[in-house]
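# Fold and contact review
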Amino acid sequence: MEPILELKQIQYSYHTKDGETKALSDISFSLKEGEFVSIVGPSGCGKSTLLSLISGLIAPENGSIRLNGKPLKESTTNVGYMLQKDHLFEWRTIYHNVILGLEIQHMMTAKTHAHALSLLDTYGLSQFKDARPSELSGGMRQRAALVRTLVLEPDILLLDEPFSALDYQTRLTVGDDIGQIIRSEKKTAILVTHDLSEAISLGDRIIILSNRPAYIKQTVPMIFSLEKDTPLNRRNAPEFKTYFNLIWKELNDHAAE
Ligand code: ADP
Ligand code: MG
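Parameters at a glance
Each chain carries its own residue numbering, running from 1 in the direction its sequence is written. All chains are assigned letters beginning at A, and all ligands numbers beginning at 1, according to the order in which they are written. Thresholds applied to this predicted model are a pLDDT of at least 70 for local features of residues and 80 or more for the giving and counting of side-chain atom pairs; totals over whole chains, interfaces and linings are not thresholded and use all residues. As a convention, hydrogens and water are excluded, and side-chain values are obtained from all of the structure's heavy atoms. Strands here mean DSSP runs of E at least two residues long; helices mean DSSP runs of H or I at least four residues long; both are numbered from the N terminus. Here the expected span of a helix is defined as 1.5 Å times the quantity of residues minus one. Relative accessibility thresholds used throughout: buried, under 20% of the residue-type maximum; exposed, over 50%; partly exposed, between the two (1.4 Å probe, protein chains only). Directions from the helix axis toward the C-beta atoms define the arc. By definition, pLDDT measures how confident the predictor is in each residue, and it falls between 0 and 100. We call a residue near a molecule or strand as soon as one heavy atom of that residue lies within 4 Å of the molecule or strand. Side-chain atoms alone can form a polar contact between residues adjacent in sequence; in general such a contact is a pair of N or O atoms within 3.5 Å, and within protein one must be able to donate a hydrogen while the other accepts it. What sets the accessible areas is the Shrake-Rupley method with a 1.4 Å probe; for residues, cover comes only from the shown protein chains. Charged means Asp, Glu, Lys or Arg here, nonpolar means Ala, Val, Leu, Ile, Met, Phe, Trp, Tyr, Cys or Pro, and polar covers whatever is left, Gly included. Residue ranges assigned to each domain were obtained from an automatic or database domain assignment. Whether two residues are in contact is decided by their heavy atoms: any pair within 4.5 Å suffices. Computed with a 1.4 Å rolling probe, the buried area is the accessible surface lost when two parts are put together, summed over both parts. For this document, the term salt bridge refers to a Lys or Arg side-chain nitrogen within 4 Å of an Asp or Glu carboxyl oxygen. By definition, two strands form a pair when at least two bridges between them are found by DSSP.

### Comments concerning helix H4 (residues 110-122)
Along its 13 residues, H4 runs 18 Å from first to last C-alpha, staying within 8% of the 18 Å computed at 1.5 Å per residue. Of all the residues in H4, the buried ones are Thr 112, Ala 116, Leu 119 and Leu 120. An end-on view of H4 places all buried positions within 100° of arc, on one side of the element. Pointing more than 90 degrees away from the buried face of H4 are the exposed residues Ala 110, Lys 111, Asp 121 and Thr 122.

This is the structure:
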């Protein structure tokens, strides 16, 4: 099967009046449909830059990005991007926040309206659809932001530290919860995080990036012998600690740099 996403030798630098910042030095990987990949790396190593490239917000200096076999620019593959801040508008109700993308893309129909309502229902937000964002807890706001992304039916979901603004307890439940949602929707997803536990509990595979300019230090498949492979069960599995230590060591090993 052709990969849904393929990156080959991606390089990227920012150019500002103060000079050049090399963000990515050589990134190649591919993703199959339905795969969930976690990307971890030190702060400032180029993780968000990588997602901006995949979403087409910026173009690589070198290398190629293909979606379903086509160059990014020619592709009709729909990429959804969920950011760290939920960016919900206080002057809109939750429902109107959720359908914002549909409105902008002139996709508001009876069908998409019904889909938005059913997603709000699935994710426990029905009774808050007419509420303002400030009336919701951090976790619920994050769910609303996810619904806003899912309603556009993305083929690939990009998640940039989506839980890091939440307190630890909420982050655990919302992270596991949203991870389950994405899995049940069989979405192809890339989760960028600096939280190792989050990466391990959610990913099929973990890509470890080096310090800036980032290259891939190692890719570790997450294999758990669990009857029911859920984020919470992973956290309590014996393999968890082994993976944690392995990735921790790799992240903190600067000997080769
Ligand atoms: P991460 O998400 O891993 O923390 P980023 O991808 O945001 O890292 O940034 C990588 C590097 O590029 C950082 O050193 C950052 O300061 C720099 N950078 C990010 N965005 C810009 C920009 N718009 N202009 C100049 N430099 C930038
Ligand atoms: Mg970032």
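Following the structure, the description resumes.
### A closer look at the confidence of the model for the protein
This prediction gives the protein a mean pLDDT of 91; 99% of its residues lie at or above 70. Confidence, read as mean pLDDT per element, is least for helix H6 (residues 168-184) in the protein (80) and greatest for strand S9 (residues 205-209) (97).

### Side note on the site of ligand 1
Around ligand 1 sit Tyr 14, Thr 16, Thr 21, Pro 42, Ser 43, Gly 44, Cys 45, Gly 46, Lys 47, Ser 48, Thr 49 and Arg 212, and that is every residue in its neighbourhood. Contacts to ligand 1 include Gly 44, whose backbone N or O atom sits 2.7 Å from an oxygen atom. At 2.5 Å, a side-chain N or O of Thr 49 approaches an oxygen atom of ligand 1. Across the complex, the protein chains shield 62% of the 560 Å² of accessible surface that ligand 1 would expose by itself. Looking at the shell around ligand 1, the elements with two or more residues in it are strand S1 (5-16) and helix H1 (47-54). With three residues, the single largest contributor to the shell around ligand 1 is H1. Of the residues assigned to the shell around ligand 1, the class counts are three nonpolar, seven polar and two charged.

### Quick word on the domain arrangement of the protein
Along its sequence, the protein is organised into domain 1 (5-77 + 156-255) and domain 2 (87-154). The gap between the C-alpha centroids of domain 1 and domain 2 is 25 Å. The partner domain 2 presents 11 residues to the 12 residues of domain 1 that form the contact. Counting each side, the surface lost to burial between domain 1 and domain 2 is near 990 Å², with a carbon and sulfur contribution of 70%. When the buried surface of domain 1 facing domain 2 is broken down by residue, Leu 157, Ile 181 and Lys 187 rank first, second and third, together holding 38% of it. Applying the counting criterion to the domain 1 and domain 2 interface returns zero salt bridges. Run the count over domain 1 and domain 2 and you get two residue pairs in polar contact (both at pLDDT 80 or more). Among the elements of the structure, strand S7 (156-160) and H6 are those that each provide at least two residues to the side of domain 1 that touches domain 2. Examining the composition of the side of domain 1 that touches domain 2, we find that five residues originate from one element, H6, more than from any other.

### Focus: the sheet that holds strand S4 (residues 62-67)
Strand order in the open sheet formed by 10 strands is S5-S4-S1-S2-S10-S9-S3-S8-S7-S6, and the pairing between neighbours is mixed. Two strands in the sheet have a free side with no partner beyond their single neighbour: strand S5 (70-71) and strand S6 (79-82). Bridge count for strand S2 (residues 19-31) against strand S10 (residues 214-221) is two bridges, and the pairing is parallel. Directly across from Asp 26, in S10, lies its bridge partner Tyr 215.

### Points about the pairing of S4
Pairing analysis gives five bridges linking S1 to S4, with the strands arranged antiparallel. Pairing of Leu 7 across the sheet is with Ile 65, part of S4. Summarising the sheet, S4 and S5 pair through two bridges and their orientation is antiparallel. What sits directly across from Leu 67, in S5, is Lys 70. Counted between consecutive antiparallel strands, the loop separating S4 from S5 contains two residues, among which Asn 68 sits at a positive phi close to 45°.

### Some points on the side chain of Thr 77
Examined against the element boundaries, Thr 77 turns out to sit in the loop between S5 and S6. What makes Thr 77 buried here is its relative accessible area of 14%. Polar contacts involving the side chain of Thr 77 include one to the side chain of Asn 68, which spans 3.0 Å. When neighbours within four sequence positions are excluded, Thr 77 is seen to be in contact with Leu 67, Asn 68 and Asp 155.

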